[in-house]
Amino acid sequence: AFMTSLDNLQQCDGSANVTQVKLSTLSLEDVTEMIMCELRLPKRLVRELADVVHKRTHGHAIFVVQLLNSLVSDSIVSYSPMLRRYYWDQDKVVKLKTADSVASLIVSNLTSLPSGELQCLRIISCFGIQVQSNFLELLDVVHGLAPQGGFRPYLGNLVNQGIIEMVVSSSSSSSNNSTT
């Protein structure tokens, strides 16, 4: 349906420029390399993990990243001070239930956010792809739409999780900071 809509848009009157970018999937070797680099472990230690991740994601890059983030946030993959390296229980990884699509995995990750962060994200998303920080402060004060404690306490964690990013304009004024 999405591709049909794109085709219709492009053929309608020719005024819409549509550029299609076809991305190939990541190979098992690509996923293995990615995990080796991120966990700083040799291939022999990550091979089985990479195999499961590749099979579950079919090599779709966004899905690979989301699944790996999910494994870390759910403490299935964690750092072991005793081993001085990242560790995981391969049986837990193999038995892990995963979403059928990238969208459902992202939705699953978003719904697991604490309520204040989720409320913050819901409100921010209503204002488009970029919101000025002074506008959020105005919402805090005037309209009372903000989560308990305002937006500021939640933005840092949302940025750290890669859900939003903070864009600082070239001006030194903090009122020019944007959240996207």
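Calculation criteria
Residues numbered from 1 in each chain as written. Predicted model: local features only at pLDDT ≥ 70, side-chain atom pairs only at ≥ 80, totals over all residues. Heavy atoms only, no water. Salt bridge = Lys/Arg side-chain N within 4 Å of Asp/Glu carboxyl O. Helix = DSSP H or I, 4+ residues; strand = E, 2+ residues; numbered from the N terminus. Buried < 20%, exposed > 50% of the residue type's maximum accessible area, 1.4 Å probe, protein only. Bend = angle between axes of the 7 residues up to and from the residue. Contact = heavy atoms within 4.5 Å. Axes fitted to C-alpha atoms, helices over the stretch in contact; angles between N-to-C directions. Parallel < 35°, antiparallel > 145°, perpendicular 65-115°, else oblique. Left-handed = near helix turned anticlockwise from the far one by under 90°. Nonpolar A, V, L, I, M, F, W, Y, C, P; charged D, E, K, R; others polar. pLDDT = per-residue confidence, 0-100. Phe/Tyr/Trp six-rings, centres within 6.5 Å; stacked < 30°, edge-to-face > 60°. Core = buried A, V, L, I, M, F, W, Y, C linked by side-chain atoms within 4.5 Å.

## Points about the pattern of salt bridges
- Using the criterion set out here, one finds 3 salt bridges in the structure.
- The residue Lys-43 makes a salt bridge to Glu-29 at a minimum N-O spacing of 2.9 Å. Linking Lys-43 in helix α3 (residues 43–57) with Glu-29 in helix α2 (residues 28–39), this pair joins segments that are 14 residues apart in sequence.
- Lys-43 gets classed as partly exposed once you look at its relative accessible area, which sits at 30%.
- The class of Glu-29 is partly exposed, set by a relative accessible area of 38%.

## Let's talk about α3
- The largest bend in α3 is about 30 degrees, located at Leu-49.
- Along α3, the positions that sit buried rather than exposed are Val-46, Leu-49, Ala-50, Val-52, Val-53, His-54 and Thr-57.
- For α3, the secondary structure elements touched by its buried residues are α2, α4 (61–73), β1 (77–80), β2 (85–88) and α5 (90–95).
- One or two steps after α3, the chain reaches His-58, where phi turns positive at roughly 55 degrees.

## Some remarks on the packing of α2 against α3
- Packing of α2 against α3 leaves a shortest axis separation of 8 Å and a crossing angle of 125 degrees. When the interaxial angle is binned, α2 and α3 end up oblique. As for how α2 packs across α3, the hand of that crossing is right-handed. Where α2 abuts α3, its residues Leu-28, Glu-29, Val-31, Thr-32, Ile-35, Met-36 and Leu-39 lie against Lys-43, Val-46, Leu-49, Ala-50, Asp-51, Val-53 and His-54.
- A breakdown of the residues in the contact of α2 with α3 according to their chemical character gives 9 nonpolar, 2 polar and 3 charged.

## Some details on the confidence of the model for the chain
- In this model, the chain carries an average pLDDT of 80, and 77% of its residues clear a pLDDT of 70 or more.
- The secondary-structure element of the chain with the lowest mean pLDDT is strand β5 (residues 178–179), recorded at 58, while α2 shows the highest, at 96.
- Throughout residues 172–176 the model reports pLDDT below 50, and contacts reaching past four residues in sequence, or to other chains, amount to 8 contacts.

## Some points on the side chain of Ser-80
- Locating Ser-80 in the fold gives a position in strand β1.
- Among all residues touching Ser-80, those that are not within four sequence positions of it are Arg-85 and Tyr-87.

## Re the packing of aromatic side chains
- Per the stated rule, a full pass over the model turns up 1 aromatic pair.
- Measuring from ring centre to ring centre gives 5.5 Å for Tyr-79 and Tyr-86, while their planes differ by 80 degrees; the resulting arrangement is edge-to-face.
- Note on Tyr-79: relative accessible area 46%, which makes it partly exposed.
- Assessed through its relative accessible area of 27%, Tyr-86 is described here as partly exposed.

## A closer look at the nonpolar core
- Formed by 20 residues in total, the largest nonpolar core has its most connected members in Val-31, Ile-35, Leu-39, Leu-49, Val-53, Leu-71 and Trp-88.
- Counting residues per element, this core draws most heavily on α3, which supplies 5 residues.
- Leave out the neighbours within four places in its chain, and Leu-39 touches Leu-49, Val-77, Tyr-86 and Trp-88.
- Formed by 15 residues, the second largest nonpolar core is a distinct cluster that contains Leu-118, Phe-151, Leu-158 and Ile-164.

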